[in-house]
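Here is how the chains run, residue by residue.
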Amino acid sequence: AQKITQTQPGMFVQEKEAVTLDCTYDTSDQSYGLFWYKQPSSGEMIFLIYQGSYDEQNATEGRYSLNFQKARKSANLVISASQLGDSAMYFCAMSPGGSYIPTFGRGTSLIVHP
Amino acid sequence: NAGVMQNPRHLVRRRGQEARLRCSPMKGHSHVYWYRQLPEEGLKFMVYLQKENIIDESGMPKERFSAEFPKEGPSILRIQQVVRGDSAAYFCASSPLGGSDKNIQYFGAGTRLSVL
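Here is what the cut-offs are and how they apply
- Residues numbered from 1 in each chain as written.
- Chains lettered and ligands numbered in written order.
- Predicted model: local features only at pLDDT ≥ 70, side-chain atom pairs only at ≥ 80, totals over all residues.
- Heavy atoms only, no water.
- Helix = DSSP H or I, 4+ residues; strand = E, 2+ residues; numbered from the N terminus.
- Rg over C-alpha atoms; globule rule 2.2 N^0.38 Å.
- Buried < 20%, exposed > 50% of the residue type's maximum accessible area, 1.4 Å probe, protein only.
- Contact = heavy atoms within 4.5 Å.
- Lys, Arg positive; Asp, Glu negative; His and termini not counted.
- Charge placed at Lys NZ, Arg CZ, Asp CG, Glu CD.
- Buried area = accessible area lost by both parts, 1.4 Å probe.
- Salt bridge = Lys/Arg side-chain N within 4 Å of Asp/Glu carboxyl O.
- Core = buried A, V, L, I, M, F, W, Y, C linked by side-chain atoms within 4.5 Å.
- Disulfide = S-S within 2.5 Å.
- Phe/Tyr/Trp six-rings, centres within 6.5 Å; stacked < 30°, edge-to-face > 60°.
- Lys NZ or Arg CZ within 6 Å of the ring centre and 35° of its normal.

S.K.: How do you make sense of the overall build of chain A when you look at a structure like this?
M.R.: A tally of helices and strands in chain A yields zero helices and twelve strands. Along chain A, helices and strands appear, N-terminal first, in the series β-β-β-β-β-β-β-β-β-β-β-β. Relative to the globule expectation of 13 Å for 114 residues, the C-alpha radius of gyration of chain A, 14 Å, shows essentially globular dimensions. Counting only C-alpha atoms, chain A reaches 40 × 25 × 20 Å along its principal axes. Of all 114 residues assigned to chain A, the portion counted as buried reaches 48%. Here the contacts in chain A between residues at least 6 apart in sequence split such that 54% fall between residues at least 24 apart. Computed over 8 positive and 10 negative side-chain charges, the inter-centroid distance for chain A is 5 Å.

S.K.: Looking at this structure, how should I read the interface of chain A and chain B?
M.R.: By a widely used convention, the size of an interface equals the accessible area lost when the partners come together. Facing the 24 residues of chain A at the interface are 25 residues of chain B. Of the roughly 1800 Å² buried where chain A meets chain B, counting both sides, 58% is carbon and sulfur surface. For chain A, the biggest contributors to the area lost against chain B are M45(A), Y100(A) and F104(A); these three give 32% of the whole. Remark: the boundary between chain A and chain B carries zero salt bridges.

S.K.: Would you mind going over the nonpolar core with me for this structure?
M.R.: What tends to happen in soluble globular proteins is that the nonpolar side chains get buried as a cluster. Counting 24 residues, the largest nonpolar core has Y25(A), W36(A), I49(A), L77(A) and Y90(A) as the members making the most contacts within it. When residues of this core are traced back to their parent elements, those giving at least two are strand 3 (19-21), strand 5 (32-39), strand 6 (46-52), strand 8 (64-69), strand 9 (74-79), strand 10 (88-96) and strand 12 (108-113) of chain A. A total of four residues in this core trace back to one element, the largest contributor, which is strand 10 of chain A. Residues contacting I49(A), with those up to four places away along its chain left out, are L34(A), F35(A), W36(A), A59(A), T60(A), E61(A), Y64(A), S65(A), L66(A) and L77(A). In terms of nonpolar packing, the next biggest core, distinct from the first, is built from 22 residues, A19(B), F69(B), I79(B) and C92(B) among them.

S.K.: Any chance you could explain the state of the cysteines here in plain terms?
M.R.: What makes a disulfide is a covalent bond joining the sulfur atoms belonging to two cysteines. Residues and elements named next belong to chain A. Counted under the stated rule, the structure contains two disulfides over all chains. The side chain of C23 participates in a disulfide bridge whose partner is C92; the two sulfur atoms lie 2.0 Å from each other. Every disulfide takes its handedness from the sign of the S-S torsion; for C23 and C92 that torsion is -65°, giving left-handed. Separated by 69 residues along the polypeptide, C23 in the loop between strand 3 and strand 4 (24-26) and C92 in strand 10 bring together distant segments of the chain. Taking the relative accessible area as the measure of exposure, C92 reaches 0% and is therefore buried.

S.K.: Just checking my understanding: could you explain the packing of aromatic side chains for this structure?
M.R.: What characterises a pair of aromatic rings is the spacing of the ring centres plus the angle enclosed by the ring planes. Per the stated rule, a full pass over the model turns up twelve aromatic pairs over all chains. An angle of 45° between the planes, with centres 5.8 Å apart, marks the rings of Y37(A) and F104(A) as tilted. One end of the pair, Y37(A), is in strand 5; the other, F104(A), is in strand 11 (residues 103-104), and 67 residues separate them in sequence. F104(A) matches Y37(A) in its accessibility class, with the two residues each being buried. Between the aromatic rings of Y33(B) and Y48(B), the centroid separation amounts to 4.7 Å while the plane-to-plane angle is 10°, which identifies the pairing as stacked. Of this pair, Y33(B) sits in strand 4 (residues 31-37) while Y48(B) is found in strand 5 (residues 43-50), placing the two residues 15 residues apart along the sequence. Side by side, Y33(B) and Y48(B) carry an identical accessibility label, which is buried. By the ring-pair criterion, three or more aromatic residues cluster together here, those being Y37(A), F47(A), F104(A), Y35(B), F45(B), F91(B), Y106(B) and F107(B). When the ring centre of Y64(A) is taken as origin, the NZ or CZ atom of R63(A), which lies over that ring, is 5.7 Å away.

Structure representation (structure tokens):
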């Protein structure tokens with residue numbers, strides 16, 4: 001069974017600073033996909049970034065980047081230059097190879113202070 | 001708005017009533033997924049559908065829950081004879097592809113079901 005662990009229930013960061021949200025996963029598959037989603041207080045789930053297990057480069061999408069360390073089975077999300085609007089829950093998820101069903105972590109609550 | 005549309009956003013039912021949750025996928029997407037989110041937890045997969053077909057319902061409770069995605073119209077998640085434990089946020093997602101780990105799913109805003 002796949003498992004996603006997000007060890008930080010809550011994080012605080014000053015506006016304009018960078019923050020790293022941790023995610024580790026457990027899988028025996030060689031091929032898999034990693035995802036991060038943002039859930040603001042309004043409730044919707046917003047796709048942020050995707051990393052494939054065979055991708056050689058770390059994924060980046062604007063201010064979001066994924067620090068992928070395959071040997072450590074970690075896929076940390078880095079948010080640069082935090083903004084007040086980044087305050088939200090962040091969920092890490094993984095789909096094993098050939099599966100369409102991602103397993104989600106329990107999430108990390110990020111609060112950005114002015 | 002070309003995103004995934006869910007309605008209603010909030011639904012209140014009394015125990016024993018039926019709840020119907022609707023989901024219209026993004027334009028061009030033919031794969032629909034339903035998830036349930038309990039407070040302080042991540043999303044749990046319930047069911048995966050394509051038009052007129054249930055592909056995987058391994059996460060769906062065996063009783064009282066059903067889902068459909070007809071040829072025309074939105075996907076429907078139906079909960080019969082609701083109980084208080086059904087209170088949760090129900091999310092629908094859609095994707096253009098299926099059966100792949102590169103399957104990026106786009107979510108709707110969810111339906112918050114409260115059972116009194």
